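# Structure assessment
Listed below, chain by chain, are the residues.
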Amino acid sequence: MKVIVIIPAAGLGTRMAPMPSVMSSGNKGAKTKKGQPSKQFTELAGTPILIHTLRKFASVDAVSEIWIALRENEIEGFRERMRTEAKDVLDKKIELVAGGEHRQQSVHHALDAVSASPDDIVLVHDAVRPLVTAEIIHEVIEAAKKYGAAIAGLPAVDTVKQVERTSEGAIIKSTIPRAGVVLAQTPQGFRYSVIKKAFDEAAADGFNGTDEASLAERAGYEVAVVMGSPRNIKITNPGDMKLAEFYLKK
């Protein structure tokens with residue numbers, strides 16, 4: 001059995017404030033779409049967020065190979081960036097593939113490219129969650145082996161309200177008991193047979209899910225939850241960068 005990691009990293013990250021793309025220093029000819037930077041290439045403590053994330057998985061012995069889905073015009077620039085600034089990650093088998101217009105397509109492209117047995121484990125992880133721990137990675141792997149599908153998640157702390165959106169904002173419709181709510185994180189792990197079937201069915205039906213687990217749920221699989229971490233944040237806006245830098249220093 002092998003463990004394959006897929007990191008979808010073809011997004012634009014439009015909620016991040018404009019800043020120079022890290023790709024500009026490694027490949028001046030690789031312009032991002034419409035001149036927008038890719039948040040996964042934004043430097044965190046002097047290193048691209050994506051490389052921080054990549055290192056977390058490359059350092060886990062159980063991981064056999066890592067597939068990164070990028071925009072096609074960023075592949076060669078990132079390949080060179082790894083050679084010059086992150087040689088340590090190249091001890092693992094790392095493959096770069098062209099991503100799609102959205103996350104689900106990017107993961108599907110990688111799934112179509114990998115060679116795996118039905119019981120091999122596939123982990124999917126956000127490119128911009130660079131603070132994931134080896135412990136969380138191991139726990140998701142073990143739960144995926146046992147149950148077929150598993151995610152990292154956190155119990156909800158705040159009161160959760162269901163609302164109806166209006167032109168002037170939102171109106172509360174009900175209060176959802178926190179005991180029945182978890183906040184999904186990544187990695188999300190699956191037996192290859194589970195995730196491939198879930199993605200193929202979703203593609204055939206034209207269904208777009210919110211995450212990989214939602215596709216597995218739709219395909220009829222139960223998805224287990226293992227404890228994530230409040231530090232396993234997804235960097236979405238400039239404020240998250242400051243928090244990530246704080247955690248990195250601790």
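Fair warning: this is a prediction, and the values are worked out from it, not measured in the lab.

## A word on the pairing of strand 6 (residues 121-124)
- Here strand 6 shows a buried face lined by I121 and L123 and a second buried face lined by V122 and V124.
- Judged from the 4 bridges that link them, strand 1 (residues 3-9) and strand 6 form a sheet pairing that is parallel. From the neighbouring strand, V5 faces strand 6, where its bridge partner is L123.
- Of the pairings in the sheet, the one linking strand 6 to strand 10 (residues 182-191) comprises 4 bridges and is antiparallel in character. Bridge pairing in strand 10 links L123 to G189.

## A look at the side chain of D120
- Tracing the sequence through the fold places D120 in the loop between helix 4 (103-113) and strand 6.
- Of the side chains bearing the opposite charge, K2 lies closest to the buried D120, which forms no salt bridge; the N-O distance is 4.7 Å.
- Within polar-contact distance, the side chain of D120 engages the backbone nitrogen of K2 at 3.0 Å.
- The contact partners of D120, leaving out residues within four places of it in the chain, are M1, K2, F190, R191 and Y192.

## Quick word on helix 3 (residues 75-85)
- Within helix 3, the full set of buried residues consists of I75, G77, F78, R81 and M82. The buried residues of helix 3 all sit within an arc of 165° when viewed along its axis, so they share a single face.

## Observations concerning the nonpolar core
- Residues L50, I66, I68, L70, F78 and L123 are the most contacted members of the largest nonpolar core, which totals 36 residues.
- Ranked by residue count, the leading element in this core is helix 5 (residues 134-147), at 6 residues.

## Digging into helix 5
- The terminal C-alpha atoms of helix 5 lie 20 Å apart, and with 14 residues this matches the ideal 20 Å at 1.5 Å per residue to within 8%.
- Those residues of helix 5 that fall on the buried side of the exposure criterion are I136, I137, V140, I141, A143 and A144.
- Trailing helix 5 by a residue or two, G148 shows a phi angle of about 95°, which is positive.

## Structural notes on the sheet that holds strand 6
- With mixed pairing, 7 strands are arranged side by side in an open sheet as 5-4-1-6-10-7-11. Edge positions in the open sheet fall to strand 5 (93-98) and strand 11 (224-227), since each of these has one partner strand only. The average angle at which neighbouring strand axes cross in this sheet is 25°, direction not considered.
- Two strands pair when backbone bridges link them, and strand 7 (residues 149-155) and strand 11 are joined in this way by 4 bridges, in the parallel orientation. Looking at strand 11, one finds that A150 is bridged to A224.
- On the sheet, helix 4 packs against strand 1, strand 4 (63-70), strand 5, strand 6 and strand 10 and is oriented at approximately 145° with respect to strand 1.

## What to know about the pattern of salt bridges
- Applying the stated criterion across every chain yields a total of 16 salt bridges.
- Notably, a salt bridge pairs E80 with R83, separated by 3.0 Å at the nearest N-O pair. Linking E80 with R83, this pair stays in helix 3, spanning 3 residues, or about one helical turn.
- A relative accessible area of 33% means that E80 is categorised as partly exposed.
- Residue R83 is classed as partly exposed on the basis of its relative accessible area, which comes to 40%.
- Measuring nitrogen to oxygen at the nearest pair gives 2.9 Å for the salt bridge that ties D200 to K196. Pair noted here: D200 and K196 are both in helix 6 (residues 192-205), with a separation of 4 residues, about one helical turn.
- It is possible to trace a salt-bridge network through shared partners that takes in R103, D126, R129 and E212.

Each value, and the rule that gives it
- Residues numbered from 1 in each chain as written.
- Predicted model: local features only at pLDDT ≥ 70, side-chain atom pairs only at ≥ 80, totals over all residues.
- Heavy atoms only, no water.
- Buried < 20%, exposed > 50% of the residue type's maximum accessible area, 1.4 Å probe, protein only.
- Helix = DSSP H or I, 4+ residues; strand = E, 2+ residues; numbered from the N terminus.
- Pairing = 2+ DSSP bridges.
- Lys, Arg positive; Asp, Glu negative; His and termini not counted.
- Salt bridge = Lys/Arg side-chain N within 4 Å of Asp/Glu carboxyl O.
- Polar contact = N/O pair within 3.5 Å; in protein donor to acceptor, adjacent residues only side chain to side chain.
- Contact = heavy atoms within 4.5 Å.
- Arc of directions from axis to C-beta.
- Core = buried A, V, L, I, M, F, W, Y, C linked by side-chain atoms within 4.5 Å.
- Expected span 1.5 Å × (residues − 1).
- Axes fitted to C-alpha atoms, helices over the stretch in contact; angles between N-to-C directions.

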